[in-house]
2 protein chains.
Amino acid sequence: MRLAELSERSGVSTTTIKYYLRERLLPPGRRISATQADYGEEHLRRLRLVRALIQVGRMPIATAREVLATVEDESLDQNERLGTAVAALPQGAESGDGAAQDAADAVARRTVDVLLDELGWAGRSEIRTSAAREVLIGAVAALGRLGYPCEVRHLRPYGRAAVDLGRQDLDLLEHYDSVGEQVEAAVALTVLYEPVLLSLRRLAHAAESTQRFGGATEP
Amino acid sequence: MRLAELSERSGVSTTTIKYYLRERLLPPGRRISATQADYGEEHLRRLRLVRALIQVGRMPIATAREVLATVEDESLDQNERLGTAVAALPQGAESGDGAAQDAADAVARRTVDVLLDELGWAGRSEIRTSAAREVLIGAVAALGRLGYPCEVRHLRPYGRAAVDLGRQDLDLLEHYDSVGEQVEAAVALTVLYEPVLLSLRRLAHAAESTQRFGGATEP
């Protein structure tokens, strides 16, 4: 496909695509004339990934270039490529540009409504008005825009894990005597356990990936 | 206790404590002479929270002051105080100052070793060398330094949730055909699902807190 179609299908402007090409975040197309190049599905996919890293992951261009170099490095085995690329990602990005009112946003709102309903939270005012709900909708919309899996069935295990952890976290709070102490602990534990959760998920990826794809045996 | 003892027990320098007092992040002590004040256990606790917000949560002073004002606001009920304070927190801070080699760090290393052993990951090279393991140790050490729960039994539910999610995430990857696509998707899904997970945990807190402490019935 030509640059215009790549732009149309990806939703990324031709100016931005040219910028990514200059910055070597996107491999060059197959040249078909002095001024035109042909792009394939792999360019579309790569463009989605670049958007995920830079827009959602808020990654500096230089870091994104390194991550993409690892993704491409065929001298590494799959598990090494996975591990190295993911290790370069900053942890805990907030989701996308927030209030984009597009089709992906509308789909994400419906998906999140169904999920919250399943979790028994749908009608509750503390959920409806929560900033976290908007973050969640933004994250699901970002997944949708980039063509990654984000249906209720994909989100459900995350929702269930959150319910379990929420219960355990509140159990911890009840060990504090006064309301003041409980509120203080809630704030501190929310912040301090987020890196615990994200780093354990990354370790789980490394372990599971090695188990499935890794050649090397245990040392 | 005097300022010197507050500093000694909290591990925060007297200069920093005076700065927090000036910035109204810490309530004033009870004045006992023109130049001296007396501080209580509530100051020690508050100091831990301030460190959690500013050092670990990397929160601007002005935001921390707002969060603390909510924590203190006794005109709100417990659930409102919890909800409002936690809603003001930025999502997904990385853990502390990294390479502090203190007693808390040594304890955290041992705790993490036991946890990873339980999860079946202890001897594995991809885990031992992972940056996420260092983030985890840093986060556990930060919890320990601030006197918050961070034993293996507190971390275990997080570890189990991570194992489940890791498995589901890798199942998703197997739907992609080529190794290249799998690696790209792994990178994108790692970044894009982190805000999903953190925001669902916050929603679970809101729901569980309302259930346990909230007065208001469902609208």
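Cut-offs and rules
- Residues numbered from 1 in each chain as written.
- Chains lettered and ligands numbered in written order.
- Predicted model: local features only at pLDDT ≥ 70, side-chain atom pairs only at ≥ 80, totals over all residues.
- Heavy atoms only, no water.
- Axes fitted to C-alpha atoms, helices over the stretch in contact; angles between N-to-C directions.
- Helix = DSSP H or I, 4+ residues; strand = E, 2+ residues; numbered from the N terminus.
- Parallel < 35°, antiparallel > 145°, perpendicular 65-115°, else oblique.
- Contact = heavy atoms within 4.5 Å.
- Nonpolar A, V, L, I, M, F, W, Y, C, P; charged D, E, K, R; others polar.
- Buried area = accessible area lost by both parts, 1.4 Å probe.
- Salt bridge = Lys/Arg side-chain N within 4 Å of Asp/Glu carboxyl O.
- Core = buried A, V, L, I, M, F, W, Y, C linked by side-chain atoms within 4.5 Å.
- Buried < 20%, exposed > 50% of the residue type's maximum accessible area, 1.4 Å probe, protein only.
- pLDDT = per-residue confidence, 0-100.
- Expected span 1.5 Å × (residues − 1).
- Arc of directions from axis to C-beta.

A. Examining the packing of helix H1 (residues 3–10) of chain A against helix H2 (residues 14–22) of chain A more closely. Residue and element names in this part refer to chain A. Two elements in contact, H1 and H2, have axes whose closest approach is 9 Å; the angle formed by their N-to-C orientations is 105°. Overall, the two elements H1 and H2 adopt an arrangement that is roughly perpendicular. Along the contact surface, H1 presents Leu 3, Ala 4, Leu 6, Ser 7 and Ser 10, while H2 presents Thr 14, Ile 17 and Lys 18. Looking at the contact of H1 with H2 residue by residue, the classes come out as four nonpolar, three polar and one charged.

B. Structural detail: the interface of chain A and chain B. The interface is formed by 99 residues belonging to chain A together with 99 residues belonging to chain B. Here chain A meets chain B over a buried area of about 9300 Å², counting both sides, of which 69% is carbon and sulfur. Area buried by chain A at its contact with chain B is led by Tyr 158, Glu 184 and Leu 203 of chain A, which between them contribute 8% of it. Arg 201 of chain B is the partner of Asp 169 of chain A in a salt bridge, and the nearest nitrogen-oxygen pair spans 3.1 Å. Put simply, the parts of the chain that give the side of chain A that touches chain B at least two residues each are helix H3 (41–56), helix H4 (61–72), helix H5 (78–87), helix H6 (103–118), helix H7 (125–128), helix H8 (131–145), helix H9 (152–173) and helix H10 (179–213) of chain A. With 35 residues, the top contributor of residues to the side of chain A that touches chain B is H10 of chain A. Per-class residue counts for the side of chain A that touches chain B are 59 nonpolar, 20 polar and 20 charged.

C. Examining the nonpolar core more closely. Ranked by size, the top nonpolar core spans 137 residues in total, and within it Leu 53, Trp 121, Tyr 148 and Leu 200 of chain A together with Trp 121, Tyr 148 and Leu 200 of chain B carry the most contacts. The element best represented in this core is H10 of chain A, accounting for 18 residues. Apart from the residues lying within four places of it in its own chain, the contact partners of Tyr 148 of chain A are Arg 48, Leu 49 and Leu 143 of chain A together with Tyr 176, Glu 184, Ala 185, Ala 188, Leu 189 and Leu 192 of chain B.

D. Representation of the pattern of salt bridges within the structure. Following the criterion strictly, the structure yields 32 salt bridges over all chains and no others. Arg 156 of chain B serves as the salt-bridge partner of Glu 118 of chain B, at 2.7 Å between the closest nitrogen and oxygen. Remark: Arg 156 of chain B occurs in helix H9 (residues 152–173) and Glu 118 of chain B occurs in helix H6 (residues 103–118); sequence separation between them is 38 residues. One network of salt bridges, in which partners are shared, links Asp 105, Arg 109, Asp 113, Arg 133 and Glu 134 of chain A.

E. Molecular detail of the confidence of the model for chain A. All names here are of chain A. With 85% of its residues at a pLDDT of at least 70, chain A reaches an overall mean of 82. Across chain A, strand E2 (residues 37–38) holds the top mean pLDDT of 94, while H5 sits lowest at 68. Across residues 95–99, confidence stays below pLDDT 50; counting only partners more than four residues off in sequence or on other chains, it has eight contacts. Listed scores for the predicted complex are pTM 0.76 and ipTM 0.76.

F. A look at the environment of Arg 212 of chain B. Positionally, Arg 212 of chain B belongs in helix H10 (residues 179–213). When sequence neighbours within four positions are dropped, the list of residues in contact with Arg 212 of chain B reads Arg 167, Leu 170, Asp 171 and Glu 174 of chain A.

G. H4 of chain A, seen in detail. All names here are of chain A. If you check H4, its first and last C-alpha atoms are 16 Å apart, about what 12 residues at 1.5 Å a residue would give, namely 16 Å. Turning to H4, its buried residues number three or more, namely Ala 64, Val 67, Leu 68, Thr 70 and Val 71. An end-on view of H4 places all buried positions within 155° of arc, on one side of the element.

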